[in-house]
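Inside the fold
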Amino acid sequence: MIDKVGTCAINPVANLPVALEEFPRPAGSRKVLVVGGGPAGMQAAITAADRGHQVTLVEKAAALGGILRFTDTDACKEDLRNFKDLLVYEVGRRSVKVRLNTEATPSTIAQEKPDVVILALGSVPAVPPIKGIEHALHVLAVYEAGCPLGQRVVMVGGGLAGCETALHLAKTGHEVTIVEMLDRLAAESYGMYREALLLEMERVGIKMLTEARCVEITPAGVWVESARAAQEGAGADQKGSGEQLGRHWLEADSVVYALGMRPCEASELKKAAGAIPCVEIGDCVRPGRVEAAIREGFLAAMNIL
Ligand SMILES: Cc1cc2nc3c(=O)[nH]c(=O)nc-3n(C[C@H](O)[C@H](O)[C@H](O)COP(=O)(O)OP(=O)(O)OC[C@H]3O[C@@H](n4cnc5c(N)ncnc54)[C@H](O)[C@@H]3O)c2cc1C
């Protein structure tokens with residue numbers, strides 16, 4: 001259980017509800033298999049190694065970092081990139097056996113014969129049932145090398161991930177319009193950060209359409225249902241013009257969607273663990289933020305006795 005008041009995204013012991021001395025010492029050195037090298041898995045590996053366990057960290061990608069690898073490219077996330085790099089460094093300077101380019105399967109568990117398995121598999125994009133979604137890119141694809149992104153971008157989804165990526169795109173020369181069905185952008189954010197984010201988005205010229213629902217994506221743009229889109233100059237089709245709520249056309253060279261993530265499937269690995277203690281942490285439990293991933297990674301390792 002994460003205490004939201006006064007916790008820290010990068011320091012798992014900040015305001016821990018339990019004093020560190022109250023954690024029992026491990027009875028011996030255990031073989032720990034950590035699957036997934038995102039922030040949750042890296043923190044679990046670091047803490048488990050510090051507690052004297054023998055840790056193997058298996059990551060299917062070519063580098064550690066998980067989702068946070070997008071910060072290598074993002075124009076505004078230097079602090080998060082530094083933190084990701086710090087975690088990679090801290091893993092590297094411990095006796096953690098890191099196996100990159102290795103997707104853990106049930107046979108990995110059989111071969112490793114660990115005493116404990118920690119699953120930190122992360123999440124995958126939720127693909128919404130919008131007509132033509134196959135013409136759109138997921139927000140994480142934007143950060144991949146060689147991503148074919150055009151000049152005019154419509155971002156479908158104005159939550160925090162959509163807004164922050166829109167800002168990155170605007171700062172790297174794209175003309176961006178955000179389409180959000182709620183009446184509020186970055187709704188899961190609050191306070192000064194949200195205010196500053198919205199001001200910066202306005203400053204760099206991002207167009208923001210709230211209360212606008214994307215109903216169809218085509219290779220040339222998106223159709224949205226919105227009363228406000230008409231007032232703000234989006235083209236309207238026959239049906240939409242003159243109506244309160246109609247279908248309105250937004251032209252785009254690329255469409256990107258940021259409509260949430262869903263947990264990775266862990267059931268096969270859990271089944272393969274059988275009687276071996278197996279714990280899931282981070283986004284593969286529920287997609288969230290770095291803070292929860294770090295805290296859960298730390299606690300999972302502290303609880304190996
Ligand atoms: C666009 C976007 C922007 C975000 N920005 C922020 C932000 O600014 N601040 C913030 O706090 N949070 C942010 N988040 C959320 C944050 O990135 C996640 O909460 C965090 O990365 C979760 O960490 P994790 O280790 O649980 O999962 P992940 O980071 O997803 O890592 C999971 C790792 O497991 C690996 N893996 C999966 N299956 C296997 C397998 N079978 N074998 C081996 N390896 C496997 C994957 O390759 C991956 O590297 C953002 C998320 C998104 C999508």
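What comes next concerns the included structure.

Definitions and cut-offs
Residues numbered from 1 in each chain as written. Predicted model: local features only at pLDDT ≥ 70, side-chain atom pairs only at ≥ 80, totals over all residues. Heavy atoms only, no water. Core = buried A, V, L, I, M, F, W, Y, C linked by side-chain atoms within 4.5 Å. Buried < 20%, exposed > 50% of the residue type's maximum accessible area, 1.4 Å probe, protein only. Domains from an automatic or database assignment. Contact = heavy atoms within 4.5 Å. Near = heavy atom within 4 Å. Polar contact = N/O pair within 3.5 Å; in protein donor to acceptor, adjacent residues only side chain to side chain. Areas by Shrake-Rupley, 256 points an atom, 1.4 Å probe, with all protein chains shown as cover. Helix = DSSP H or I, 4+ residues; strand = E, 2+ residues; numbered from the N terminus. Nonpolar A, V, L, I, M, F, W, Y, C, P; charged D, E, K, R; others polar. Phe/Tyr/Trp six-rings, centres within 6.5 Å; stacked < 30°, edge-to-face > 60°.

With that settled, the discussion passes to the nonpolar core. Formed by 50 residues in total, the largest nonpolar core has its most connected members in Val55, Leu57, Ile118, Met155, Ile178, Met201 and Ile206. Both domains that meet at this core, namely domain 1 (20-125 + 261-302) and domain 2 (133-257), each give it at least three residues. The contacts of isoleucine 206, once residues within four sequence positions are left out, are Ala166, Leu167, Ala170, Val176, Ile178 and Met201. By size, the runner-up hydrophobic cluster in this structure holds 16 residues, among which are Val179, Ala212, Ala252 and Val255.

Bringing the site of the ligand into the picture now. Around the ligand lies a shell of 34 residues, among which Glu59, Ile67, Lys77, Ala104 and Asp283 are the nearest. Isoleucine 67 is positioned such that a nitrogen or oxygen atom in its backbone is 2.9 Å from an oxygen atom of the ligand. Measuring from a nitrogen atom of the ligand, one finds a side-chain N or O atom of arginine 289 at 3.1 Å. Here the ligand has 1000 Å² of accessible area as a free molecule, and 92% of this is covered by the chains. Secondary structure elements with two or more residues in the shell around the ligand: α1 (39-50), α4 (160-171) and α8 (290-302). Partitioning the shell around the ligand into residue classes produces 17 nonpolar, nine polar and eight charged.

Below, the discussion takes up the packing of aromatic side chains. For the structure shown, the criterion picks out three aromatic pairs. Between phenylalanine 23 and phenylalanine 298, the ring centres sit 6.5 Å apart and the planes meet at 85 degrees, which makes this aromatic pair edge-to-face. Of the two residues, phenylalanine 23 sits in the segment before β1 (31-35) while phenylalanine 298 sits in helix α8, which places them 275 residues apart along the sequence. Taking 5.0 Å as the distance between ring centres and 55 degrees as the angle between the ring planes, the aromatic pair formed by phenylalanine 70 and tyrosine 143 counts as tilted.

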